[in-house]
Amino acid sequence: MSAALAYAPPADTNAALYSRVSRVIPPLEWPAFADDVAAINRLKRQRNAVILAHNYMTPEIFHCVADITGDSLALAREAQNVEANIIVMAGVHFMAETAKMLNPAKTVLIPDLEAGCSLASSITAADVRRLRQRYPGRPVITYVNTSAAVKAESDICCTSGNARKIVESLGVPEVIMIPDKYLAANVARETGVKIISWDGACEVHERFTARQIRSLRADNPGLVVLAHPECPPDVVDEADFAGSTAAMNDYVTTRQPGRVVLITECSMADNVAILHPKVDFVRPCNLCPHMKRIGLGNIRAALENLQHEVIIDPAIATKAREAVERMLAI
Ligand code: SF4
């Protein structure tokens, strides 16, 4: 047996947790996580806190300390129902704001206040007001990857999982859909509704190229390609299926492809691969630098010090919540 395989994690609290991630975290790396994992799980009980973790969190967060996991839509839905006093958002800032606006009585903490998003930073509330002046009468559909102030200027929100449904639910011939130009372009191809978009993009998904997908197929016979709709349309065209991270997970769960690639953020494949040992995952790795600001160390610090509370101006929160709740009602 090699030295690596000879390592046995502590039998007291962490052995069962390590077994969840042993397929993607080598035994020799686990001691670097074990202390924080044990401390965070203890602190959660002491503080009456829960951790919501996005699909792009690394496996030691996603599988070892998170209480609720999912894509933006799932986290928004679940945030409404949290009964614990404290929500720690293992995700980026707009997700923490969404949790706060949907469950305002709770203390919402984000481990790093600088965990932003290239989509959220691409547009301001003033930009939305200018769009309304330029295109009067068109409803504004805002992707959840935006600040509360931008949501507050919107008629309704959407996620990558429900964007087409939201567009068509409004019963109008033309809508403004912000801020992701690629999501808007991908939805526009599926619907008869005309879409006015904005020049924002996810810095992770826009880096994928159609040529890269063809190359992956050439190198990996039988490869099934699942792409996120934040990818450029020519990338989506090369895919076998396009959908949100939740839809990708469902695809792998129900169809069990022999070999698959998830054209999305890097950690997603790790988290899904753990659950599907018979599926071969090809893993090109585009990391989100914002998601990767969140780690066990700052989650622990957030819980120890009750730091980095997310506060939203009540007037903005009320209007933003209405836009999110209109989406959740559909
Ligand atoms: S992956 Fe893209 S959309 Fe998601 S937080 Fe990072 S930059 Fe924003």
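This write-up is about the structure you can find in this document. (Residues numbered from 1 in each chain as written. Predicted model: local features only at pLDDT ≥ 70, side-chain atom pairs only at ≥ 80, totals over all residues. Heavy atoms only, no water.)

This part takes up the environment of Ile-176. Its place among the elements puts Ile-176 in strand β7 (residues 174–178). Between the C-alpha atom of Ile-176 and that of Pro-139, which follows or precedes it by 37 residues, the distance is 6.0 Å. Excluding its chain neighbours within four sequence positions, the residues that come into contact with Ile-176 are Leu-131, Tyr-135, Arg-138, Pro-139, Val-140, Ile-141 and Ile-196. (Helix = DSSP H or I, 4+ residues; strand = E, 2+ residues; numbered from the N terminus. Contact = heavy atoms within 4.5 Å.)

Here we come to the nonpolar core. Generally speaking, soluble globular proteins have nonpolar side chains that are buried together. Counting 95 residues, the largest nonpolar core has Leu-52, Ile-61, Met-177, Leu-262, Phe-281, Ile-299 and Met-327 as its most contacted members. Setting aside chain neighbours within four positions, we find Ile-61 in contact with Ala-53, Ala-66, Ala-90, Ile-294, Gly-295, Leu-296 and Ile-299. Core analysis: the next-biggest nonpolar cluster, separate from the first, contains 13 residues, Leu-223, Ala-227, Ile-263 and Val-282 among them. (Core = buried A, V, L, I, M, F, W, Y, C linked by side-chain atoms within 4.5 Å. Buried < 20%, exposed > 50% of the residue type's maximum accessible area, 1.4 Å probe, protein only.)

With that settled, consider the layout of surface pockets. Of the pockets and cavities examined, the largest pocket occupies roughly 220 Å³. Of all the secondary-structure elements, those providing two or more residues to the lining of the largest pocket are α9 (163–169) and α10 (181–188). Of the residues contributing to the lining of the largest pocket, the split by class is 7 nonpolar, 6 polar and 4 charged. Considered as a void within the structure, the second largest pocket measures approximately 180 Å³ in volume. Along the walls of the second largest pocket sit 14 residues, with Asn-55, Phe-62, Thr-69, Gly-70 and Asn-249 positioned nearest its centre. Counting only elements with at least two residues in the lining of the second largest pocket, the list comes to β2 (68–70), α13 (245–255) and α14 (266–275). Along the lines of polarity and charge, the residues of the lining of the second largest pocket split into 6 nonpolar, 6 polar and 2 charged. (1 Å grid on protein atoms, 1.4 Å probe; cavity = no way out; pocket = protein on both sides within 12 Å on 5 of 7 lines; lining within 4 Å. Points joined across faces, edges and corners; volume = space filled by probe spheres on them. Nonpolar A, V, L, I, M, F, W, Y, C, P; charged D, E, K, R; others polar.)

The subject of this paragraph is the site of the ligand. Surveying the vicinity of the ligand reveals the residues Tyr-56, Val-92, Cys-117, Ser-118, Leu-119, Asn-145, Cys-202, Val-204, Glu-230, Cys-288, His-290 and Met-291. One can see that the ligand is located within the largest cavity. Taken together, the residues that form the shell around the ligand break down as 8 nonpolar, 3 polar and 1 charged. (Near = heavy atom within 4 Å. Sits in = over half its atoms within 2 Å of the grid points.)

Moving on: the pattern of salt bridges. Opposite charge on two side chains lets them pair, provided their charged atoms get close. On inspection of all chains with the given rule, the structure shows 19 salt bridges. Ionic pairing is found between Arg-326 and Glu-322, a salt bridge with its closest N-O pair at 3.8 Å. A residue pair is termed a helical-turn pair when its members lie 3 or 4 positions apart in one helix, as Arg-326 and Glu-322 do in helix α16 (residues 314–328) at 4 residues. Since its relative accessible area comes to 37%, Glu-322 is described here as partly exposed. Salt bridges here are not isolated pairs; linked through shared partners, they connect Asp-35, Asp-36, Arg-300 and Glu-304. (Salt bridge = Lys/Arg side-chain N within 4 Å of Asp/Glu carboxyl O.)

Another point: the state of the cysteines. According to the stated counting rule, one finds 1 disulfide in the structure shown. With a sulfur-sulfur separation of 1.7 Å, Cys-266 is cross-linked through a disulfide to Cys-285. Between Cys-266 and Cys-285 the sulfur-sulfur dihedral comes to about -110°; the bridge is accordingly left-handed. Taken together, the residues span a long stretch of sequence, with Cys-266 in helix α14 and Cys-285 in the loop between β12 (280–282) and α15 (296–305) at a distance of 19 residues. Classification of Cys-266 by relative accessible area gives buried; the value is 15%. Residue classification places Cys-285 among the partly exposed residues on the basis of a relative accessible area of 43%. (Disulfide = S-S within 2.5 Å.)

Before going further, it helps to examine the pairing of strand β5 (residues 140–143). Remark: a regular strand shows side chains that alternate across the two faces of the sheet. Taking every second residue as pointing to the same face, both faces of β5 are buried, with Val-140 and Thr-142 on one and Ile-141 and Tyr-143 on the other. Judged from the 3 bridges that link them, β5 and β7 form a sheet pairing that is parallel. Across the sheet, Ile-141 pairs through a bridge with Met-177, a residue of β7. In the sheet, β5 pairs with strand β6 (residues 156–158) via 3 bridges, with the strands oriented parallel. Across the sheet, Thr-142 pairs through a bridge with Cys-157, a residue of β6. (Pairing = 2+ DSSP bridges.)

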